[in-house]
Amino acid sequence: MGAIDLDDAVLTTRLDAVINWGRKNSLWPMPFGTACCAIEFMSVMASRYDMSRFGAEAMRFSPRQSDMLMILGTITNKQAPVLRQIYAQMAEPKWVVAVGVCASSGGMYRTYATLQGADRVIPVDVYVPGCPPRPETMLYGVMELQKKISRESLSARKEHIERFYASMARQEELQEAKGLSSQQVVREMVVAAGEQGGQQIW
Amino acid sequence: MTPAAVSFLPILLLFLLALGVGAAILVISGWVLPGLLKPNNPQKTKLTPYECGVPLRQDGARHRYSVKFYLVAMLFILFDVEAAFLLPWAVQFKTHLGTFWAMLSFVATLLVGYIYAWGKGALDWER
Amino acid sequence: MVIEQIEAQLPGAILDRHDFRGDTTIVVDGARLLEVVDCIFREGFQMLLDVTAVDLETRELRFDVVYHLLNLVSQDRLRIKVQVGEGVALPSLTSRFKSANWSEREVFDLFGIPFTDHPGLERLLMWPDFPGHPLRKDYPLDGGDPFCNQDIGASYAPLARSLNA
């Protein structure tokens, strides 16, 4: 994290506050829109429920240029490695908002094709329930994320991101070793995690 | 240095000061502060080229493309410069009627070139 | 009416027929499917709306492959059912109807019914090395995911707090 002298507690706190203030008020969303929640997101970004008043106007559909990944819609098992790759390609600092019940938990689709919650393959910060959530609910979710960001500390390690990259490395190893497609490898990792009683592969 | 020039020394000083302050601002906000504050976590997966989350389908973005793009660009430059030369003439040709024949020969030369390009198929996008 | 035409031109091709509230369904033998389809095409049924299948696991000929055709001129619809067993291939209608291409790929992906002479028979909806055929009756709905079987119902609250609290 650089050569800041962290012993000076007052300075760190203030620096944290300033940095977090800057980060939380300029959350550029990357809409990972797959289904109906994306339509609801469109109305959030429009003028009535304006999300740009939270600094989130600059929608960047590229992971390199955004810091908030919004998962808007159902994630199928075929789409799971794509979601992981997009999250992996985002630059830190990055946060994830799972919008809607499909992204949070698989929603009404408890089937072979639907990933039972995006947090099985990606670390998620805020879950916004609803099918689809009302625009005000989505705005509330972004505000909760802002509160979470303001509680962050610059010097703290982001363990979930390290675990995620370790799981990406494991996924690539398995792909090489078994010669399977990324979708099959992620599916096997998810099922194996389920067998051990856990939910996440990261 | 002549006495007249000496009185401009303060401006030189101000200029150098502005340069220095500008450079300092850039260096501090571009190198020093980010070096201290940015999260730096280069990962192999993070540095892969972006292709909407799927594995790359080709080795890179540098591959051969058709020469017709070059031809269109070159012809554009030529006729754009010709248009630029036509503009000052258009402003004053009513008062200076003698320039008409000079301009006509200029346009005629370029017209020959245009007919050649047309005949050779340089304007044929589909080919 | 078109059924009479088929009977006249290809006797014995239609094994069964039934109507229900204006729908007409004929059951055809797989071996004579192409002839029947060509005959129907000449009669005006030139649009293939869908190819799908039904898995009746206890019957000997396990699958019912269902074709829906539309006559654009008279707006009549016709349903053709073909009974096939496990592993038996049907002729592909791709040469006659372009829409059969992906519909047959979908049937192959989800039921495992192969089609001969198909220009590119591979999985459509599931990923290429997906094991099994999901819409068969003996395939579990959740795909064998233990997370779905055990009523885990885990609360996300402890996880949420662990991320950079």
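Residues numbered from 1 in each chain as written. Chains lettered and ligands numbered in written order. Predicted model: local features only at pLDDT ≥ 70, side-chain atom pairs only at ≥ 80, totals over all residues. Heavy atoms only, no water.

Participant: Would you mind going over helix 2 (residues 9-37) of chain B with me for this structure?
Facilitator: For an α-helix, 3.6 residues make a turn, and residues three or four places apart therefore share a direction. For helix 2 of chain B, built from 29 residues, the straight-helix expectation of 42 Å at 1.5 Å per residue is met to within 8% by its first-to-last C-alpha distance of 40 Å. At I28 of chain B, helix 2 of chain B shows its largest kink, close to 40°. (Helix = DSSP H or I, 4+ residues; strand = E, 2+ residues; numbered from the N terminus. Expected span 1.5 Å × (residues − 1). Bend = angle between axes of the 7 residues up to and from the residue.)

Participant: Help me understand the pattern of salt bridges, please; the structure alone is not making it clear to me.
Facilitator: Between side chains of opposite charge, a pair can form when the charged atoms approach closely. For the structure shown, the criterion picks out 22 salt bridges over all chains. Close ionic contact of K148 of chain A with D125 of chain A constitutes a salt bridge, the shortest N to O distance being 3.2 Å. With K148 of chain A in helix 5 (residues 135-150) and D125 of chain A in the loop between helix 4 (100-105) and strand 4 (126-128), this residue pair connects regions lying 23 residues apart in the sequence. What makes K148 of chain A buried here is its relative accessible area of 7%. R62 of chain C serves as the salt-bridge partner of E86 of chain C, at 2.8 Å between the closest nitrogen and oxygen. Linking E86 of chain C in the loop between strand 5 (77-84) and strand 6 (90-91) with R62 of chain C in the loop between strand 3 (47-55) and strand 4 (63-70), this pair joins segments that are 24 residues apart in sequence. You can call R62 of chain C buried: its relative accessible area is 10%. When salt bridges that share partners are traced, they join D55, R62, E86, R136 and D138 of chain C into one network. (Salt bridge = Lys/Arg side-chain N within 4 Å of Asp/Glu carboxyl O. Buried < 20%, exposed > 50% of the residue type's maximum accessible area, 1.4 Å probe, protein only.)

Participant: Help me out: how do you make sense of the interface of chain B and chain A in this one?
Facilitator: Tallying the contact residues gives 17 residues for chain B and 26 residues for chain A. Of the roughly 1600 Å² buried between chain B and chain A on both sides combined, carbon and sulfur atoms contribute 56%. At the surface where chain B touches chain A, the tally comes to two salt bridges. The partner of K44 of chain B in a salt bridge is E172 of chain A, and the shortest N-O contact between them spans 3.0 Å. If you look at where chain B meets chain A, you find nine residue pairs in polar contact (both at pLDDT 80 or more). (Contact = heavy atoms within 4.5 Å. Buried area = accessible area lost by both parts, 1.4 Å probe. Polar contact = N/O pair within 3.5 Å; in protein donor to acceptor, adjacent residues only side chain to side chain.)

Participant: For this particular structure, what's the right way to read the layout of surface pockets?
Facilitator: Gaps between atoms show up when a probe of the same size as a water molecule is rolled over them. In this model, the largest pocket occupies a volume close to 520 Å³. The wall of the largest pocket is formed by 19 residues, among which Q85 and S182 of chain A together with G53, V54 and P55 of chain B lie closest to the centre. When residues of the lining of the largest pocket are traced back to their parent elements, those giving at least two are helix 3 (80-89), helix 6 (159-178) and helix 7 (182-195) of chain A. Ranked by residues supplied to the lining of the largest pocket, first place goes to helix 6 of chain A with four residues. Looking at the lining of the largest pocket residue by residue, the class counts come to seven nonpolar, eight polar and four charged. (1 Å grid on protein atoms, 1.4 Å probe; cavity = no way out; pocket = protein on both sides within 12 Å on 5 of 7 lines; lining within 4 Å. Points joined across faces, edges and corners; volume = space filled by probe spheres on them. Nonpolar A, V, L, I, M, F, W, Y, C, P; charged D, E, K, R; others polar.)

Participant: What am I meant to see in the pairing of strand 1 (residues 29-33) of chain A here?
Facilitator: A regular strand places its side chains on the two faces of the sheet in alternate fashion. Residue and element names in this part refer to chain A. Within strand 1, four of the five residues are buried, which leaves the element mostly enclosed by the surrounding structure. The pairing of strand 1 with strand 2 (residues 68-72) spans five bridges and is classified as parallel. Each bridged residue has a counterpart across the sheet, and for P29 the counterpart in strand 2 is M68. Once you follow strand 1 into helix 2 (residues 36-45) and on to strand 2, the crossover reads as left-handed. (Pairing = 2+ DSSP bridges. Right-handed = clockwise from strand over helix to strand, strands pointing away.)

Participant: Teacher, can you tell me more about a nonpolar patch on the surface here?
Facilitator: Residues and elements named next belong to chain B. A cluster of nonpolar side chains, V6, L9, L12, F15, L16 and L19, forms an exposed patch at the surface whose accessible area comes to about 540 Å². No other element matches helix 2, which puts five residues into the nonpolar patch. Within the fold, V6 resides in helix 1 (residues 3-6). On the basis of relative accessibility, which here comes to 37%, the residue V6 falls in the partly exposed class. (Patch = residues over 30% accessible without salt bridge, like charges linked within 9 Å, V, L, I, M, F, W, Y side chains within 5 Å. Areas by Shrake-Rupley, 256 points an atom, 1.4 Å probe, with all protein chains shown as cover.)

Purely geometric stuff here, so don't read any function into it on its own.
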